[in-house]
Amino acid sequence: MENSVLRELTWDPEAGRLLFKDVRYLLIRLETLAAIYRGMLTLGASPAEVLYQAGHAGGVKSGTHYRQVLGLSAEEAVRFMAQMGGQIGWGSMRVAALDLGRRELILEVTGSPFAEALGPSAEPVCHLIRGIFGGVAVGVLGWAVEAREESCVSMGAQKCVFVIRSKGG
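Here's what I pulled together on the structure shown here.

Basis of the calculations
- Residues numbered from 1 in each chain as written.
- Predicted model: local features only at pLDDT ≥ 70, side-chain atom pairs only at ≥ 80, totals over all residues.
- Heavy atoms only, no water.
- Core = buried A, V, L, I, M, F, W, Y, C linked by side-chain atoms within 4.5 Å.
- Buried < 20%, exposed > 50% of the residue type's maximum accessible area, 1.4 Å probe, protein only.
- Helix = DSSP H or I, 4+ residues; strand = E, 2+ residues; numbered from the N terminus.
- Pairing = 2+ DSSP bridges.
- Phe/Tyr/Trp six-rings, centres within 6.5 Å; stacked < 30°, edge-to-face > 60°.

1. Some thoughts on the nonpolar core
Here is step 1: In terms of nonpolar packing, the biggest core is built from 45 residues, with Leu 107, Cys 126, Ile 129 and Phe 133 touching the most fellow members.
Here is step 2: With 8 residues, helix 6 (residues 127-141) is the single largest residue contributor to this core.

2. What about the pairing of strand 4 (residues 92-99)?
Here is step 1: Inspection of the sheet shows strand 4 paired to strand 5 (residues 104-110) by 7 bridges, in the antiparallel sense. What sits directly across from Met 93, in strand 5, is Val 109.
Here is step 2: Linking two consecutive strands that pair antiparallel, namely strand 4 and strand 5, is a turn of 4 residues; a positive phi of about 55° is found at Arg 103 within it.

3. Describing the packing of aromatic side chains
Aromatic ring pairs: the centre-centre distance and the angle between the two ring planes describe each pair.
Here is step 1: If you walk through the whole model with that rule in mind, you get 4 aromatic pairs.
Here is step 2: Every member of this aromatic cluster is reached through a ring pair, and the members are Phe 20, Tyr 66 and Phe 80.

Following this line, the structure appears as structure tokens:
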């Protein structure tokens, strides 16, 4: 399978930037991510809320940007974001369900880098992915959402499962 994101990624050596369709990305080690997460805990911050909000902001912007730039329908944009997530190393993502009538999105992820970096946990740890797809639902689908990670590899599950539903229906 071809990785279209890597094929179309550009590097600006003068500015030290990696770009995909004029959006800047950066590579970061999993250990760095784990240290950020654990540092938030040490400082008394909620990694769940901080990372959700950070992901949400990126999900809204990326989802709407790629929908517009690529001329995608709302459903195509959601699926594009999942495909792209896998191509940039966020795990193998699959849209298990997207029911526009019920206003529900279910995303399954195997190989989550967050679960890998953080290891065993009593609670879900993939808050950034949850936030991104919560943001995609807001920006692309126009939903005010509740986003939950219902199962997580860090808790012993086979895959991470995210359920994003419109608030109030």
